[in-house]
Amino acid sequence: MSQKSQHYQDVTAVVEDIFASTAPRQLLHQPLTVLQKEAIQLLGEKQFLSCEILARLDRSKCKIENRSDQVDLHLLGECAFQLDKFAAAKDFYEQLYQYDDVKYRYKVACCLVKNGSVIEAVCVLDQLPTESRTLQINMLLGKLYAATSRKHGAISCFLDALKDNPSALEAVFCLTALGVDKNKITTALAAGHQKRGQDDTILTQEMVLLLNAKHRHQTTIALQHAQKLAAEYPDNVYLLLLQAELHQNNNEND
């Protein structure tokens, strides 16, 4: 294999990896122009202004070449977001609803949150049916519901997040902070494990009991569960900090 062919294959692999981390699945199978490949590489190297320039140049040829500008709009949205041009990013992402309503509504909501438009972000995500919401969407929407005093909606989103991925322990933290009964949480976790063909783990079981006790100010019980986890996962920074916080809450400053 010539050096030129090897270089082309290496560049193609890099482009695919970068694009896969940001783009909807169906976009990955579109043939890319030379400018688009270069723009995607620049995006991966955090050269957002250069990527934007190439994406705009490529987009200007879409009409005369009778091809979709979907890839260029996606790149322009990503660049605008990274450059803190959230209103511009929102505009690019909204033009992409026709291609992937779920993916780009999430991105639009992120832009709105960055601009402080929480209610509008909720409205954007509210329009997605429950069954099409991803883990990302459920976590973001749950936090937005909680921030706008919609406790029931927040709980529903966080439970759905666990049913989707029982390793999303942040959802457990959010649910216990909202005062949700531990049995509801463990039921959602069990559904998530079943969906993934996994057995429940000591990690998720003990974490629910620990956080539930912590938020109910049952410090002694919480410490018992924290110590069980610490025995299973020794010298873990997160667990050490959690134990320190619990000891402090129990007025054990030493």
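This text follows the structure it describes.
Here goes a summary of the coordinates provided. (Residues numbered from 1 in each chain as written. Predicted model: local features only at pLDDT ≥ 70, side-chain atom pairs only at ≥ 80, totals over all residues. Heavy atoms only, no water.)

**Topic: the packing of aromatic side chains**
For the structure on display, the rule yields 2 aromatic pairs. Seen from their ring centres, F81 and F86 are 5.2 Å apart, and the 70° between their planes marks the pair as edge-to-face. Accessibility classification places F81 together with F86 in one group, the buried group. (Phe/Tyr/Trp six-rings, centres within 6.5 Å; stacked < 30°, edge-to-face > 60°. Buried < 20%, exposed > 50% of the residue type's maximum accessible area, 1.4 Å probe, protein only.)

**Notes on unusual backbone geometry**
Here the phi dihedral of S149 falls at roughly 60°; this positive angle occurs in a residue that is not glycine. Turning to its location among the elements, S149 is positioned in the loop between α8 (135-147) and α9 (151-164). Judged by its relative accessible area of 67%, S149 falls in the exposed class. The phi angle at H217 is positive, at roughly 60°, despite the residue not being glycine. Within the secondary structure, H217 is located in the loop between α12 (202-215) and α13 (219-232). (Helix = DSSP H or I, 4+ residues; strand = E, 2+ residues; numbered from the N terminus.)

**Things to note about the nonpolar core**
If you look at the biggest cluster of nonpolar residues, it comprises 67 residues, and the most contacted ones within it are L75, Y93, L125, L162, L175 and I185. The contact partners of I185, leaving out residues within four places of it in the chain, are L159, L162, V172, L175, T176, V180 and V208. (Core = buried A, V, L, I, M, F, W, Y, C linked by side-chain atoms within 4.5 Å. Contact = heavy atoms within 4.5 Å.)

**Some words on the packing of α9 against helix α11 (residues 182-195)**
Close contact between α9 and α11 brings their axes to 6 Å; oriented N to C, the two are set at 30°. When α9 is examined against α11, the residues L159, L162, K163 and D164 are found in contact with a partner set consisting of K184, I185, A188, L189, A191, G192 and K195. Class assignment for the residues of the contact of α9 with α11 results in 6 nonpolar, 1 polar and 4 charged. (Axes fitted to C-alpha atoms, helices over the stretch in contact; angles between N-to-C directions. Nonpolar A, V, L, I, M, F, W, Y, C, P; charged D, E, K, R; others polar.)

**Thoughts on the environment of I53**
Along the chain, the position of I53 falls in helix α3 (residues 48-59). Residues I53 and C79, 26 residues apart in the sequence, show an inter-C-alpha distance of 9.9 Å.

**A short note on the pattern of salt bridges**
According to the stated counting rule, one finds 14 salt bridges in the structure shown. The salt bridge involving E65 is made with K61; its shortest N-O contact spans 3.5 Å. What makes K61 partly exposed here is its relative accessible area of 37%. Among the residues examined, E65 registers a relative accessible area of 39% and is labelled partly exposed. Beyond isolated ion pairs, a larger network of salt bridges with shared partners links D58, K61, E65 and R67. (Salt bridge = Lys/Arg side-chain N within 4 Å of Asp/Glu carboxyl O.)

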